[in-house]
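Structure assessment
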Amino acid sequence: MVERGGGGGGENGVAAPPVADGAVPVAGVEDPRLQGISAAIRVVPHFPKPGIMFNDITTLLLRPKVFKDTVDILVERYRGMGISIVAGIEARGFIFGPPVALALGAKFVPLRKPKKLPGQVISENYVLEYGTDCLEMHVGAVQPGEHALIIDDLVATGGTLCAAIRLLERAGAEVDECACIIGLPKFKGRCKLNGKPVYILVECRQ
Ligand SMILES: O=P(O)(O)OC[C@H]1O[C@H](OP(=O)(O)OP(=O)(O)O)[C@H](O)[C@@H]1O
Ligand SMILES: Nc1ncnc2[nH]cnc12
(Lines give C-alpha, C1' and ligand atoms only; values in the text may rest on other atoms or scores of the structure.)
(Ligands and ions follow the chains in the order given, each with its own letter.)
Protein backbone atom coordinates (compact mmCIF):
# COMPACT_ATOMS: atom_id res chain seq x y z
CA MET A 1 0.00 0.00 0.00
CA VAL A 2 1.35 3.40 -0.95
CA GLU A 3 2.00 5.98 1.71
CA ARG A 4 2.92 9.61 1.27
CA GLY A 5 4.90 11.38 3.92
CA GLY A 6 5.41 8.27 5.98
CA GLY A 7 9.03 8.88 6.82
CA GLY A 8 9.07 12.66 6.93
CA GLY A 9 10.95 14.88 4.52
CA GLY A 10 8.63 15.69 1.63
CA GLU A 11 9.05 18.83 -0.45
CA ASN A 12 10.92 21.49 1.57
CA GLY A 13 11.52 18.88 4.25
CA VAL A 14 7.84 18.87 5.20
CA ALA A 15 5.99 15.58 5.15
CA ALA A 16 2.87 15.36 3.01
CA PRO A 17 -0.38 14.09 4.58
CA PRO A 18 -0.59 10.32 4.73
CA VAL A 19 -2.93 7.87 3.06
CA ALA A 20 -4.94 5.36 5.05
CA ASP A 21 -3.50 1.91 4.50
CA GLY A 22 -5.10 -0.62 6.80
CA ALA A 23 -8.05 -1.71 8.81
CA VAL A 24 -8.71 -1.14 12.47
CA PRO A 25 -12.25 -1.09 13.81
CA VAL A 26 -13.80 1.86 15.59
CA ALA A 27 -15.05 1.27 19.08
CA GLY A 28 -17.80 -1.34 19.00
CA VAL A 29 -20.93 0.15 17.47
CA GLU A 30 -22.90 -1.66 20.13
CA ASP A 31 -21.28 0.39 22.89
CA PRO A 32 -24.14 2.60 24.13
CA ARG A 33 -21.67 5.23 25.37
CA LEU A 34 -20.64 6.20 21.85
CA GLN A 35 -23.96 7.76 20.93
CA GLY A 36 -23.74 10.02 23.97
CA ILE A 37 -20.20 10.99 23.07
CA SER A 38 -21.16 11.86 19.51
CA ALA A 39 -24.20 13.83 20.66
CA ALA A 40 -22.12 15.84 23.14
CA ILE A 41 -19.78 17.18 20.44
CA ARG A 42 -20.93 20.54 19.10
CA VAL A 43 -20.49 21.29 15.39
CA VAL A 44 -19.73 24.95 14.69
CA PRO A 45 -20.05 25.90 11.00
CA HIS A 46 -17.45 28.19 9.42
CA PHE A 47 -14.95 28.10 12.28
CA PRO A 48 -12.13 29.05 12.28
CA LYS A 49 -12.63 29.91 8.61
CA PRO A 50 -15.46 29.71 6.03
CA GLY A 51 -16.32 26.18 4.97
CA ILE A 52 -14.86 24.42 8.02
CA MET A 53 -17.34 22.48 10.19
CA PHE A 54 -15.55 22.65 13.52
CA ASN A 55 -16.14 19.64 15.81
CA ASP A 56 -15.95 21.20 19.26
CA ILE A 57 -15.17 18.86 22.16
CA THR A 58 -15.55 21.59 24.82
CA THR A 59 -19.27 20.79 25.02
CA LEU A 60 -18.42 17.16 25.80
CA LEU A 61 -16.18 18.36 28.64
CA LEU A 62 -19.17 20.13 30.22
CA ARG A 63 -20.81 16.75 30.76
CA PRO A 64 -18.76 14.81 33.35
CA LYS A 65 -20.49 11.50 32.67
CA VAL A 66 -19.77 11.72 28.96
CA PHE A 67 -16.21 12.93 29.54
CA LYS A 68 -15.70 9.97 31.88
CA ASP A 69 -17.22 7.56 29.35
CA THR A 70 -14.74 8.84 26.76
CA VAL A 71 -11.74 8.31 29.03
CA ASP A 72 -13.07 4.95 30.24
CA ILE A 73 -13.42 3.55 26.72
CA LEU A 74 -9.78 4.36 26.03
CA VAL A 75 -8.58 3.01 29.38
CA GLU A 76 -10.55 -0.22 28.88
CA ARG A 77 -8.95 -0.67 25.46
CA TYR A 78 -5.34 -0.07 26.52
CA ARG A 79 -5.19 -1.43 30.08
CA GLY A 80 -2.78 -4.34 30.49
CA MET A 81 -1.03 -3.80 27.16
CA GLY A 82 2.30 -2.68 28.57
CA ILE A 83 1.95 0.92 27.45
CA SER A 84 4.35 3.10 29.45
CA ILE A 85 3.95 6.33 27.44
CA VAL A 86 0.81 8.27 26.63
CA ALA A 87 1.80 11.08 24.28
CA GLY A 88 -0.73 13.90 23.91
CA ILE A 89 -0.81 16.36 21.04
CA GLU A 90 -1.20 20.06 21.81
CA ALA A 91 -3.71 21.36 22.54
CA ARG A 92 -6.70 19.04 22.77
CA GLY A 93 -4.68 15.89 23.27
CA PHE A 94 -3.66 17.49 26.57
CA ILE A 95 -7.27 17.12 27.75
CA PHE A 96 -7.80 13.43 27.04
CA GLY A 97 -4.25 12.14 27.36
CA PRO A 98 -3.45 12.79 31.04
CA PRO A 99 -6.48 10.99 32.56
CA VAL A 100 -5.78 8.00 30.36
CA ALA A 101 -2.10 8.04 31.33
CA LEU A 102 -2.93 8.17 35.04
CA ALA A 103 -5.40 5.31 34.76
CA LEU A 104 -2.87 3.19 32.86
CA GLY A 105 0.00 4.04 35.22
CA ALA A 106 1.90 5.46 32.24
CA LYS A 107 3.87 8.67 31.93
CA PHE A 108 2.37 11.55 29.97
CA VAL A 109 4.55 13.11 27.27
CA PRO A 110 3.35 16.41 25.79
CA LEU A 111 3.98 16.93 22.08
CA ARG A 112 3.99 20.69 21.75
CA LYS A 113 3.88 23.37 19.09
CA PRO A 114 7.24 25.07 18.38
CA LYS A 115 9.20 26.98 21.01
CA LYS A 116 7.00 25.96 23.96
CA LEU A 117 9.22 23.30 25.53
CA PRO A 118 12.18 24.65 27.54
CA GLY A 119 14.56 21.71 27.20
CA GLN A 120 16.35 20.16 24.25
CA VAL A 121 13.81 18.98 21.67
CA ILE A 122 13.41 17.01 18.49
CA SER A 123 11.01 18.46 15.91
CA GLU A 124 8.81 17.23 13.08
CA ASN A 125 7.19 19.48 10.49
CA TYR A 126 3.88 18.57 8.89
CA VAL A 127 1.38 19.83 6.36
CA LEU A 128 -1.93 21.37 7.36
CA GLU A 129 -4.82 22.16 5.04
CA TYR A 130 -3.20 25.54 4.50
CA GLY A 131 0.46 25.92 5.37
CA THR A 132 2.60 23.88 7.71
CA ASP A 133 3.09 23.38 11.43
CA CYS A 134 5.54 21.59 13.71
CA LEU A 135 5.47 19.37 16.79
CA GLU A 136 8.28 19.08 19.31
CA MET A 137 9.13 16.58 22.05
CA HIS A 138 11.70 16.78 24.85
CA VAL A 139 14.82 14.71 24.38
CA GLY A 140 14.97 12.14 27.18
CA ALA A 141 11.20 11.95 27.72
CA VAL A 142 11.10 8.59 25.97
CA GLN A 143 13.43 5.63 26.34
CA PRO A 144 14.15 3.26 23.45
CA GLY A 145 11.89 0.22 23.50
CA GLU A 146 9.06 1.81 25.45
CA HIS A 147 5.53 1.24 24.18
CA ALA A 148 3.52 4.37 23.37
CA LEU A 149 -0.07 5.40 22.79
CA ILE A 150 -0.65 8.74 21.02
CA ILE A 151 -3.85 10.63 21.85
CA ASP A 152 -5.52 13.59 20.15
CA ASP A 153 -9.10 14.80 19.88
CA LEU A 154 -9.52 14.58 16.12
CA VAL A 155 -7.93 13.17 12.98
CA ALA A 156 -8.66 14.98 9.72
CA THR A 157 -5.83 14.60 7.20
CA GLY A 158 -3.71 12.61 9.64
CA GLY A 159 -0.71 14.89 9.14
CA THR A 160 -0.52 15.79 12.82
CA LEU A 161 -0.64 12.18 13.99
CA CYS A 162 2.01 11.17 11.47
CA ALA A 163 4.35 13.85 12.79
CA ALA A 164 3.70 12.57 16.32
CA ILE A 165 4.44 8.99 15.28
CA ARG A 166 7.71 10.09 13.69
CA LEU A 167 8.77 11.89 16.88
CA LEU A 168 8.13 8.85 19.07
CA GLU A 169 9.85 6.50 16.63
CA ARG A 170 12.91 8.75 16.31
CA ALA A 171 13.27 8.44 20.08
CA GLY A 172 13.15 4.66 19.78
CA ALA A 173 9.65 4.09 21.12
CA GLU A 174 7.27 1.51 19.70
CA VAL A 175 3.97 3.22 18.84
CA ASP A 176 1.28 0.64 19.52
CA GLU A 177 -1.68 2.77 18.45
CA CYS A 178 -3.04 6.29 17.99
CA ALA A 179 -6.41 7.10 19.53
CA CYS A 180 -8.72 9.97 18.61
CA ILE A 181 -12.16 10.81 19.86
CA ILE A 182 -13.29 11.99 16.41
CA GLY A 183 -12.33 10.96 12.87
CA LEU A 184 -13.39 12.21 9.47
CA PRO A 185 -15.82 9.88 7.65
CA LYS A 186 -13.29 9.41 4.87
CA PHE A 187 -11.36 7.23 7.27
CA LYS A 188 -14.51 5.11 7.56
CA GLY A 189 -13.43 4.40 11.11
CA ARG A 190 -10.63 2.21 9.85
CA CYS A 191 -7.15 3.31 9.02
CA LYS A 192 -3.48 3.11 9.64
CA LEU A 193 -1.11 6.05 9.52
CA ASN A 194 2.60 5.47 8.98
CA GLY A 195 1.71 1.80 9.42
CA LYS A 196 0.25 2.39 12.88
CA PRO A 197 -3.40 1.66 13.72
CA VAL A 198 -5.68 4.57 14.51
CA TYR A 199 -8.59 3.95 16.89
CA ILE A 200 -11.51 6.35 16.46
CA LEU A 201 -14.52 6.56 18.74
CA VAL A 202 -16.99 8.59 16.64
CA GLU A 203 -17.20 10.01 13.15
CA CYS A 204 -16.66 13.69 12.52
CA ARG A 205 -19.94 15.45 11.66
CA GLN A 206 -19.63 17.65 8.55
O1 LIG B 1 -5.46 15.36 11.03
P2 LIG B 1 -5.00 16.76 10.84
O3 LIG B 1 -5.44 17.33 9.51
O4 LIG B 1 -3.53 16.92 11.05
O5 LIG B 1 -5.75 17.69 11.90
C6 LIG B 1 -5.98 17.29 13.22
C7 LIG B 1 -5.39 18.30 14.19
O8 LIG B 1 -6.05 19.57 14.00
C9 LIG B 1 -6.48 20.05 15.28
O10 LIG B 1 -5.46 20.74 15.94
P11 LIG B 1 -4.96 22.18 15.46
O12 LIG B 1 -3.84 22.02 14.46
O13 LIG B 1 -6.15 22.98 15.01
O14 LIG B 1 -4.31 22.78 16.77
P15 LIG B 1 -4.94 23.20 18.18
O16 LIG B 1 -5.46 21.94 18.85
O17 LIG B 1 -3.77 23.77 18.90
O18 LIG B 1 -6.04 24.19 17.93
C19 LIG B 1 -6.80 18.78 16.04
O20 LIG B 1 -6.83 19.01 17.43
C21 LIG B 1 -5.68 17.86 15.61
O22 LIG B 1 -4.51 18.00 16.41
N1 LIG C 1 -13.29 19.94 11.47
C2 LIG C 1 -12.46 20.07 12.53
N3 LIG C 1 -12.98 20.31 13.76
C4 LIG C 1 -12.14 20.43 14.82
N5 LIG C 1 -10.81 20.37 14.73
C6 LIG C 1 -10.26 20.14 13.53
N7 LIG C 1 -8.98 19.99 13.14
C8 LIG C 1 -8.97 19.78 11.80
N9 LIG C 1 -10.23 19.77 11.31
C10 LIG C 1 -11.05 19.99 12.37
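For the structure itself, look to the data block above.
Structure report, in brief. These numbers were taken from a predicted model, which means no experiment stands behind them.

Glancing now at the site of ligand 1. Surveying the vicinity of ligand 1 reveals 13 residues, the closest of which are D152, D153, A156, T157 and T160. Residue D152 places a side-chain N or O atom 2.4 Å away from an oxygen atom belonging to ligand 1. In the complex, the protein chains occlude 76% of the 500 Å² of accessible area that ligand 1 would expose alone. Those elements giving two or more residues to the shell around ligand 1 turn out to be β7 (147–155) and α5 (159–170). Looking at the shell around ligand 1, the element that brings in the most residues is β7, giving four residues. Considered class by class, the residues forming the shell around ligand 1 number four nonpolar, four polar and five charged.

The tally for this structure, following the rule as stated, stands at four aromatic pairs. Their ring planes at 85 degrees and their centres at 6.0 Å tell us that F94 and F108 sit as a pair that is edge-to-face. Of this pair, F94 sits in helix α4 (residues 93–104) while F108 sits in strand β4 (residues 107–111), and the two are 14 residues apart along the sequence. Looking at R77, its charged tip hangs above the ring of Y199, at a distance of 3.7 Å from the centre.

Attention now moves to unusual backbone geometry. A cis amide bond links F47 to the next residue, P48, at an omega of 0 degrees. Take P48: it is sitting in the loop between β1 (42–45) and β2 (53–56). For the bond from E90 to A91, the omega torsion is 0 degrees, close enough to zero to count as cis. Structurally, A91 is set in the loop between β3 (85–89) and α4. Unusually for a residue other than glycine, K115 sits at a positive phi of about 65 degrees. Among the residues examined, K115 registers a relative accessible area of 78% and is labelled exposed. Its identity is not glycine, yet N194 carries a phi of approximately 50 degrees, on the positive side. The topology assignment puts N194 in the loop between β9 (191–193) and β10 (196–203).

Quick look at the packing of helix α3 (residues 64–78) against α4 now. Orientation of α3 relative to α4, taken along the N-to-C sense of each, is 50 degrees, at an axis distance of 9 Å. Classed by the angle they form, the pair α3 and α4 counts as oblique. Along this stretch, α3 crosses α4, giving a crossing that reads as right-handed. Counting all contacts with α3, which are made through F67, T70, V71, L74, V75 and Y78, the residues of α4 involved are I95, F96, P99, V100, A103 and L104. Of the residues assigned to the contact of α3 with α4, the class counts are 11 nonpolar, one polar and no charged.

Reading the values: the criteria
- Residues numbered from 1 in each chain as written.
- Chains lettered and ligands numbered in written order.
- Predicted model: local features only at pLDDT ≥ 70, side-chain atom pairs only at ≥ 80, totals over all residues.
- Heavy atoms only, no water.
- Near = heavy atom within 4 Å.
- Polar contact = N/O pair within 3.5 Å; in protein donor to acceptor, adjacent residues only side chain to side chain.
- Areas by Shrake-Rupley, 256 points an atom, 1.4 Å probe, with all protein chains shown as cover.
- Helix = DSSP H or I, 4+ residues; strand = E, 2+ residues; numbered from the N terminus.
- Nonpolar A, V, L, I, M, F, W, Y, C, P; charged D, E, K, R; others polar.
- Phe/Tyr/Trp six-rings, centres within 6.5 Å; stacked < 30°, edge-to-face > 60°.
- Lys NZ or Arg CZ within 6 Å of the ring centre and 35° of its normal.
- Buried < 20%, exposed > 50% of the residue type's maximum accessible area, 1.4 Å probe, protein only.
- Axes fitted to C-alpha atoms, helices over the stretch in contact; angles between N-to-C directions.
- Parallel < 35°, antiparallel > 145°, perpendicular 65-115°, else oblique.
- Left-handed = near helix turned anticlockwise from the far one by under 90°.
- Contact = heavy atoms within 4.5 Å.

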